[in-house]
Amino acid sequence: MNRELYYQSTRDASVRVTASQAISQGISDEGGLFVPCRLPSYTKEEIAQMQQMSYANRAAFVLKDFLTDFTQEEIRACVDAAYAPEKFENGVPAPVVTRKNGTHMLELWHGPTCAFKDMALQLLPQLLTVSLRKQHPETTAVILVATSGDTGKAALEGFKDVDHTRILVFYPQDGVSPMQKRQMTTQAGNNVDVCAIHGNFDDAQTGVKKIFTDSEIRDELAHHDMMFSSANSINWGRLLPQIVYYFSAYADLLAAGKIENGDRINVVVPTGNFGNILAAYYAGRMGLPLNKLICASNANNVLTDFITTGTYDRNRDFHTTVSPSMDILVSSNLERLLFHLSGGSDLSVRTWMKALSETGAYTVDPATLRDVQARFAAGFCDDAETAETIGRIFREEGYLCDTHTAVAVKVYEDYRARTGDDTPTVIASTANPYKFADHVLAAIGGETCEDEFENVRRLNERSGLAVPQQLADLAERTVRFTRSIDAGQMKDTVLSLLS
Ligand SMILES: *Cc1c(COP(=O)(O)O)cnc(C)c1O
């Protein structure tokens, strides 16, 4: 029997919940995020043992220490369903590919929707179903999702036709790629809904957060035996699965003889909501030998400025870029990092988050900033540099990356030139290039057109990279969802869809 692990809220540290409560609730009542009260940690020997494990077993190994109110059998069933080999290209969920220049790419996009969100969103519905059964056996979970493109599709695919769940996805009408839009608007399943918002991702995310904390709508739901839950990375059940692949990458590098056990590695993450890189931070605190965590942003470089100066300031122009899943000015998961780095000070977090919502900015104290900078480095690159990087890496190394991954590649090149740090480095590769076929095709010198499937064909011809069947199939699927609304109508839309 493992020692119990509880979760507390970043805005009220006296709140104590179990894993199944944290996962079914999504967000704490006062608006804080759930974080573990303590972290498990692994020895060198335990990390070495992961080499012999399948991905599902690596996941079960880590999950058992966090989900202490789940049985071993429940965890087993969850990971076996989520990481079944047939769901992932070549049966491998998170392969590490070493480029010609020696940099390691952790490819997280071989799942059902071709983006790294699958790594968490194939597992979250399993975790949520078990959590609901423990906490609220008669209740249907209504999953509200704000998406910058990839989360929406991955959540729809993960939750479609899952008993006792309904899912409703809001996406910014002009803020997602043509392929992302088509993936969502053609979604199958009888418990799914998709709706476009006139606005950007932050408008959608703010709207969803407001609905979550609206007591009128919560009461209305309760009346129908329903409750809200979240599939965004504010839900602990979204973050936890992401910790696993950093251990998995390290184990794979060990097995391939690319590093010695105990060697430190850098991790570079193309960042939006700060979920993926936060998972790497947790892995580091759990014994994974990490050197720097390098946070890569696009032109929406609010995190670069924060990590450099200690001031988070969202009062700036919002840029729609070629890496739309990173077009975010309010990175929700930073709140979790700040809670940990301030020594669990819910008072500090409340003060900063209040300033953020009232003035759009806050500045952390010098000690917290020092802690941030001890672990994190940061940089950003614009669309032109992103395209240049895709073209150059393809020409020189024959490696094709998507627009988000290219941001990380470029920011890492700059970091290395600036610091001379030659620690072995893993870059999180977050999407299949075909999800952004138009921009990737243009970046490697191809001519693009209006038809996204023609762009896919041309990209295939030029790059030789196989087109994932699930994207090719979309051409034949009928569009089911065409509704578009103002952000102010989100609440009414939720109510009307549920009645
Ligand atoms: C969501 C996403 C990101 C950003 O990840 P966060 O966890 O939000 O920081 C980066 N790249 C792609 C392709 C994504 O879908």
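Our subject is the structure that appears above.
Residues numbered from 1 in each chain as written. Predicted model: local features only at pLDDT ≥ 70, side-chain atom pairs only at ≥ 80, totals over all residues. Heavy atoms only, no water.

S.K.: I'd like a rundown of the pairing of strand S9 (residues 226-230), residues and numbers included.
M.R.: Looking along a regular strand, one sees side chains alternate from face to face of the sheet. Counting buried positions over the five residues of S9 gives five, a clear majority of the element. The side-chain alternation of S9 yields two buried faces, one formed by Met226, Phe228 and Ser230 and the other by Met227 and Ser229. Sheet topology places strand S6 (residues 140-146) next to S9; five bridges connect them, and they run parallel. What sits directly across from Ile143, in S9, is Ser229. (Buried < 20%, exposed > 50% of the residue type's maximum accessible area, 1.4 Å probe, protein only. Helix = DSSP H or I, 4+ residues; strand = E, 2+ residues; numbered from the N terminus. Pairing = 2+ DSSP bridges.)

S.K.: Quick rundown of the side chain of Arg58? Include the residues and the values.
M.R.: On the secondary structure map, Arg58 appears in helix H3 (residues 55-66). Since its relative accessible area comes to 5%, Arg58 is described here as buried.

S.K.: Help me get a handle on the site of the ligand, residues and values and all.
M.R.: Around the ligand lies a shell of 15 residues, among which Lys117, Asp150, Gly272, Asn273 and Thr430 are the nearest. Contact between the ligand and Ser325: an oxygen atom at 3.4 Å from a side-chain N or O atom of the residue. Here the ligand loses 98% of its free accessible area of 380 Å² to cover by the protein chains. A per-class count over the shell around the ligand returns five nonpolar, eight polar and two charged. (Near = heavy atom within 4 Å. Polar contact = N/O pair within 3.5 Å; in protein donor to acceptor, adjacent residues only side chain to side chain. Areas by Shrake-Rupley, 256 points an atom, 1.4 Å probe, with all protein chains shown as cover. Nonpolar A, V, L, I, M, F, W, Y, C, P; charged D, E, K, R; others polar.)

S.K.: Could you give me a rundown of the pattern of salt bridges, with the residues and numbers involved?
M.R.: A complete count under the given rule lists 22 salt bridges for this structure. The partner of Asp305 in a salt bridge is Arg316, with the nearest N and O atoms 3.0 Å apart. A residue pair is termed long-range when its members are at least 10 positions apart, and Asp305 in helix H13 (residues 302-309) and Arg316 in the loop between strand S12 (311-313) and helix H14 (334-341) qualify at 11 residues. In this structure Asp305 comes out as partly exposed when scored by relative accessible area, which is 29%. We note a salt bridge from Lys410 to Asp414, for which the minimum N-O separation is 3.0 Å. With Lys410 and Asp414 both in helix H18 (residues 403-419) and four residues apart, the pair spans about one turn of that helix. Taking relative accessible area as the criterion, Lys410 reaches 14% and is therefore assigned buried. What makes Asp414 partly exposed here is its relative accessible area of 28%. Linked by salt bridges that have partners in common, Glu454, Arg457, Arg458 and Glu461 make up one network. (Salt bridge = Lys/Arg side-chain N within 4 Å of Asp/Glu carboxyl O.)

S.K.: Just give me the short version of the sheet that holds S6, but keep the residues and values in it.
M.R.: Two orientations exist for strands paired in a sheet by backbone hydrogen bonds: parallel and antiparallel. Ordered in space as S9-S6-S7-S8-S16, the five strands form an open sheet in which the pairing is parallel. What marks the edges here is a single partner per strand, and that holds for S9 and strand S16 (484-486). Taken pair by pair, the neighbouring strands of this sheet meet at an average axis angle of 30°, ignoring direction. Pairing analysis gives six bridges linking strand S7 (residues 165-172) to strand S8 (residues 192-198), with the strands arranged parallel. Each bridged residue has a counterpart across the sheet, and for Pro172 the counterpart in S8 is Ile197. Strand contacts of helix H9 (residues 201-212): S6, S7, S8 and S9, with the helix running at about 155° to S6, the strand carrying the most contacts. (Axes fitted to C-alpha atoms, helices over the stretch in contact; angles between N-to-C directions. Contact = heavy atoms within 4.5 Å.)

S.K.: Please set out the packing of H13 against helix H16 (residues 366-375) residue by residue, giving values where relevant.
M.R.: Close contact between H13 and H16 brings their axes to 8 Å; oriented N to C, the two are set at 115°. The angle between the axes of H13 and H16 places the two elements in the roughly perpendicular class. Residue-level inspection shows Phe306, Ile307, Thr308 and Thr309 of H13 in contact with H16, the latter providing Leu369, Val372 and Gln373. Here the contact of H13 with H16 is composed, by residue class, of four nonpolar, three polar and no charged. (Parallel < 35°, antiparallel > 145°, perpendicular 65-115°, else oblique.)

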